Amino acid sequence: MPLRVRLAAAALILAVAALATTGAVAKYELTKNGTVITYDRRSLMIDGRREIFFSGSIHYTRSPPDQWPDLIAKAKEGGLNVVETYVFWNIHEPEKGVYNFEGRYDIIKFFKLIQDNDMYAMVRIGPFVQAEWNHGGLPYWLREVPDIVFRTNNEPFKMHMEKFVNLVVKKLKDANLFASQGGPIILSQIENEYQHLEVAFKEEGSKYIKWAAQMAIKTDTGVPWIMCKQTKAPGEVIPTCNGRNCGDTWPGPLNKTKPLLWTENWTAQYRVFGDPPSQRSAEDIAFAVVRFFSVGGTMTNYYMYHGGTNFGRTGASFVMPRYYDEAPLDEFGLYKEPKWGHLRDLHQALRLCKKALLWGTATTQPLVENVEARVFEMPEQKVCVAFLSNHHTKDDTTVTFRGQKYFVPRHSISILPDCKTVVFSTQHVNAQHNQRTFHFADQTVQNNVWEMFSEEQIPKYKQANIRTPRPLEHYNLSKDKSDYVWYTTSFRLEADDLPFRRDIKPVLEVASHGHATVAFVNDVFVGCGHGTKMNKAFLLQKPMDLKKGVNHIAILATTLGMQDSGAYLEKRQAGVNLVQIQGLNAGTLDLTGNGWGHIVGLVGEEKQIYTDKGMGSVGWKPAVFDRPLTWYKRRFDMPSGDDPVVIDMSPMGKGFLFVNGEGLGRYWISYKHALGPAVAAPLPRAALLPEIEGQRAGAVRG
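In this report, we go over the structure that sits alongside the text. Nothing here was measured: the structure is a model prediction, and the numbers come from that model.

Comments concerning the sheet that holds strand 24 (residues 507-512)
Strands sit in the order 27-24-29-30 across an open sheet of 4 strands; the sheet is antiparallel. Edge positions in the sheet fall to strand 27 (538-543) and strand 30 (587-590), since each has one partner strand and no second. Averaged over neighbouring strand pairs, the angle between their axes works out to 20° when direction is ignored. By the bridge criterion, 6 bridges tie strand 24 to strand 29 (residues 576-584) in an arrangement that is antiparallel. The partner of Ala511 across the bridge, within strand 29, is Leu578.

Let's talk about the sheet that holds strand 12 (residues 261-266)
With parallel pairing, the 8 strands of this closed barrel are ordered in space as 6-7-8-9-10-11-12-13. The mean angle between the axes of side-by-side strands here comes to 30°, regardless of whether they run parallel or antiparallel. Bridging between strand 11 (residues 238-243) and strand 12 involves 3 bridges; their strand directions are parallel. Paired with Asn242 across the bridge in strand 12 is Glu264. Contacts from helix 3 (residues 107-116) reach strand 6 (53-58), strand 7 (82-86), strand 8 (120-126) and strand 9 (185-190) within the one sheet, and its direction differs from that of strand 8 by about 155°.

A closer look at the packing of aromatic side chains
Counting across every chain of the model gives 35 aromatic pairs. Measuring from centroid to centroid gives 5.5 Å for Phe54 and Phe293, while their planes differ by 25°, and the two rings are stacked. Highlighted residues: Phe54 in strand 6 and Phe293 in helix 8 (residues 282-294), separated in sequence by 239 residues. Neither Phe54 nor Phe293 differs from the other in exposure class; each is buried. Consider the rings of Phe625 and Tyr632, whose centres lie 5.4 Å apart with planes at 25°: the pair is stacked. Connected via pairs of aromatic rings, a cluster forms that spans Tyr60, Trp68, Tyr86, Phe88, Phe110, Phe111, Trp133, Tyr303, Tyr323 and Tyr324. Its end group placed over the ring of Tyr461, Arg467 keeps NZ or CZ at 5.2 Å from the ring centre. Between the NZ or CZ atom of Lys654 and the centre of the ring of Trp668, over which it lies, the distance is 5.2 Å.

Definitions and cut-offs
Residues numbered from 1 in each chain as written. Predicted model: local features only at pLDDT ≥ 70, side-chain atom pairs only at ≥ 80, totals over all residues. Heavy atoms only, no water. Pairing = 2+ DSSP bridges. Helix = DSSP H or I, 4+ residues; strand = E, 2+ residues; numbered from the N terminus. Axes fitted to C-alpha atoms, helices over the stretch in contact; angles between N-to-C directions. Contact = heavy atoms within 4.5 Å. Phe/Tyr/Trp six-rings, centres within 6.5 Å; stacked < 30°, edge-to-face > 60°. Buried < 20%, exposed > 50% of the residue type's maximum accessible area, 1.4 Å probe, protein only. Lys NZ or Arg CZ within 6 Å of the ring centre and 35° of its normal.

Below, the structure written as structure tokens:
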């Protein structure tokens, strides 16, 4: 199985003393014992001292707890002084009033590790987070609250939201984790990217966002609250920017007493099934960061600094388990070079400029067309910093600044911490490049014996435990406990209903709200279809053989997560909504109102055959590969060494992976994308790996 080889460059972190401040500032203070967090237009301040902040998003839910210390240490090594994470409501309260803050969800442990590394933290409570996370972090049970409308001036939603926010704040307070108590948390976020929804909900949206701000402030955390992508953040809440180029696209808070903070600087792009790999160069990220600081910004947060994995069913609709693999630390927590090293060098260079950035007088000097110098100066202290910016995308240039000539490459910014010497150019990369490599571990190649359990019986209408006149909506049936729902119906045909010509076949037409379907007629597979991230609804049309007498249709509908954004999220639908047969002698036969049976989940899910206990509840046979609706399993020993262990899924088609009883996530290798054809395997199947020695997994070779 593939083992990851780590290639790392040495890091240099330069510490610079902070400065005292004077003047009127916003002030937060919970106790007299902790750190006082304040701000003015120039920056957040720690105990009255202005500071610059380099932050990185690392989500505790997307990495195993034993990996957290290494991730946080590498973030600090890369020059960060802040770690950011969302709080995910639906994993902390999966059922109403049932809470889980253990294991991978132990947010208290995560923040304490940040504190142990002498770093600050930012907690984005939301509790709506989007984050390409299932349902945007909102628990499914909220959809079943009577009269609820998400994220607007709706009393049922506000009641549950406030209860959860208060719960999280209390847990953090009880652990003394806010800076005002001596903890690492210097910023808290309420709501998330609400501005476009405020337009959709109009006056009710404006009322809601004001309420959310007041509710958050009332929790008395002793640190500032922020709202991202919310230009008109109410009261003392700080609005922040999300995007790729906040130094050029965002004018900053309308209230000129609030600092310029960048909460999401996208280091790549998350991927959905069907996407080719996403790239954003180290040079482009560095350019955007320096640009932001050169126009007055003093905090950037890399989203993501480490993406990790969408374990189990936590990914939003069509989102792959691999999350921001092109971040400075890849999915497995390894250095992604030159991105990690180039940003580390950038942080070191900007820290050399800190005094001028935080206290100097800013001026702008045009040099030539599309080239300028942004200068921060304190003449009385002979402090001067210059940023030479070339906004040409194709042309390098040489300019004269203060009597000296400087070569400034295209789309780059050069940093001069003394207004004389270039110490860093965003376009000049000194960090070494690396390449991730894999090799198969001996332990996983040996005894490569697979067994299978096939869900052979295609259900019929009379076997269904839920029967209704028309097909029911998928999410209402599954309660988001399974991706799978069977839809079944039966109907009778006479001989003269069938086409007289044998070369003409009737066509099954299935309209679905999403996300994928597999259709069987009289126990015979006839075809499959699916939507996309952008267009989840789709129409399946496949020819089939019918017979005189009773015919049976079974449609296995599958989802790939719930949608994570947009207005009226509680009304989003999935599953079969219309079924017709075209090409009969009598014309179109509409079966939508024919009477439908429904079965939620698969037999293997019900019996939990991916666990030690459930594994013995079914009969396993020697594996025959490329079989639909089949679970596969094998045992192997843990590979030796300390490198990350990954699963090679390339021989598989579409399904779900378990290791030691834990769901690692969905896979869909057979989804074709723009880089070429993928493995052909049209039917869903499930891959299973049971208990192994140790806690690491090996390769799945189908």
